[in-house]
Amino acid sequence: MLPGGGNTVTVLRRRMDNHDQSMAWLARRDGSVLLGYGPFESRATAPADGVAFYVQDFALSDRLPWKIPSRFVRFTGADFTMFFSESQPLNYHWQALDAAAFSLVFQEVMTAIHAGIFEKTVPVVTEMGQSSRCPGTAIIAGMSRQHTPLQSYGWTQQNGGFAGATPELLFSLNGRHLETMALAGTARSEDQDVFAVDEKEIREHEYVAQTLVSKFQDLGIIHRDRRKILDLGSIVHFLTLIEVDLHASLTPDDLIYRLHPTPALGSLPRTNGTMEKLLEWRDRLGCPAEFGAPFGLWENGRFDSIVAIRGVWWDGSNLKIPAGCGVIEASRLVNEWRELRLKREAVKQFLV
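Below you will find a few notes about this structure. Quantities reported herein were computed from a predicted structural model and do not represent experimental measurements. (Residues numbered from 1 in each chain as written. Predicted model: local features only at pLDDT ≥ 70, side-chain atom pairs only at ≥ 80, totals over all residues. Heavy atoms only, no water.)

**Quick notes on helix 3 (residues 99-114)**
In an α-helix, one turn spans 3.6 residues, which is why side chains three or four residues apart end up on the same side. Here helix 3 spans 22 Å end to end across 16 residues, near enough to the 22 Å set by a 1.5 Å rise per residue. Listing the buried residues of helix 3 in full gives Phe102, Val105, Phe106, Val109, Met110, Ala112 and Ile113. When helix 3 is viewed along its axis, its buried side chains cluster within an angular range of 160° and face the same direction. Of the exposed residues in helix 3, those oriented more than 90 degrees away from the buried face are Thr111 and His114. If you follow the buried residues of helix 3, they end up packed against strand 8 (124-131), helix 8 (272-284) and helix 9 (333-350). Of the residues that open helix 3, the one with a side-chain oxygen 2.9 Å from the backbone nitrogen of Ala100 is Asp98. A positive backbone phi angle near 85° is found at Gly116, which sits one or two residues after helix 3. (Helix = DSSP H or I, 4+ residues; strand = E, 2+ residues; numbered from the N terminus. Expected span 1.5 Å × (residues − 1). Buried < 20%, exposed > 50% of the residue type's maximum accessible area, 1.4 Å probe, protein only. Arc of directions from axis to C-beta. Contact = heavy atoms within 4.5 Å. Polar contact = N/O pair within 3.5 Å; in protein donor to acceptor, adjacent residues only side chain to side chain.)

**Things to note about the packing of helix 3 against helix 8**
The contact between helix 3 and helix 8 brings their axes to 10 Å, and the two run at 170°. If you check the angle between helix 3 and helix 8, you find them roughly antiparallel. Note on packing geometry: the crossing formed by helix 3 with helix 8 is left-handed. Packed against helix 3, whose contacting residues are Leu104, Val105, Glu108 and Val109, the element helix 8 presents Lys277, Trp281 and Arg284 at the interface. Tallied by class, residues from the contact of helix 3 with helix 8 come to 4 nonpolar, no polar and 3 charged. (Axes fitted to C-alpha atoms, helices over the stretch in contact; angles between N-to-C directions. Parallel < 35°, antiparallel > 145°, perpendicular 65-115°, else oblique. Left-handed = near helix turned anticlockwise from the far one by under 90°. Nonpolar A, V, L, I, M, F, W, Y, C, P; charged D, E, K, R; others polar.)

Structure below.
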């Protein structure tokens, strides 16, 4: 409820026509959603108290990533869905993807792996499209309908922005208690039985899980859960939950720079050279700068950060759906191309 009484959704709808189309939101794992309105104040660090969103690109090049909203509203998941319910249908047209550009990058990746430069890296393919009108409201409505284990997120500025519903938590920090996850390995839900014993997918997942655990060895007491399968309806992933009781307090920025990018979206090993090469491949394949970046919410000492995947980027009526695939020595071009399509189709289902 808002001050002055009245249903939250009803009162906010009266204000909707007056906001400046600058918004940020994140749905937490408990189902609550915090929506912030601009104009936003940009800062280099999080405020001591209050609310701020962390909006960054994959290369962490924005020196003022902390965005403090002019006002914010708290929703239940159901009210958030109702607030952004979309009544007008929106038509989309997606351009056919040419596999040639990805094939060339894939061969370069495999050559680098065989040369010992990489053990694993994650090239990204981006599907382009057009909508019948500015698609922001319809995209936000589609993402607002997604619920746990997906976390809806978004950032809009005038007629552009990005919004998604991600299954991947980068980390959640509350005091000295940290939670994170390894999420890697993908298959269709109907292939779940064979996926559970697929050596390549297990190996890819273990690269991510073991690397995450190694990053916390000097920071605290670690508990790693057993690997399990996360079923998202049309697709499944391997999931390993990890908790850390930290020896000392750390800031969100400390942890972001230590963890991002995890091998689920980045490169192993992670060096300046491998990061530069990955950024070059992403740029050649038209990947949006924010795809795979940390996106977070700070509120009075608590920080929740997701990995910005499974989303749609738009600029006017132009659309982009990026998707990445983990490439290791055992990877094969046709299988990775199939996985990329599977992930993009899962995002398109959000918009139906």
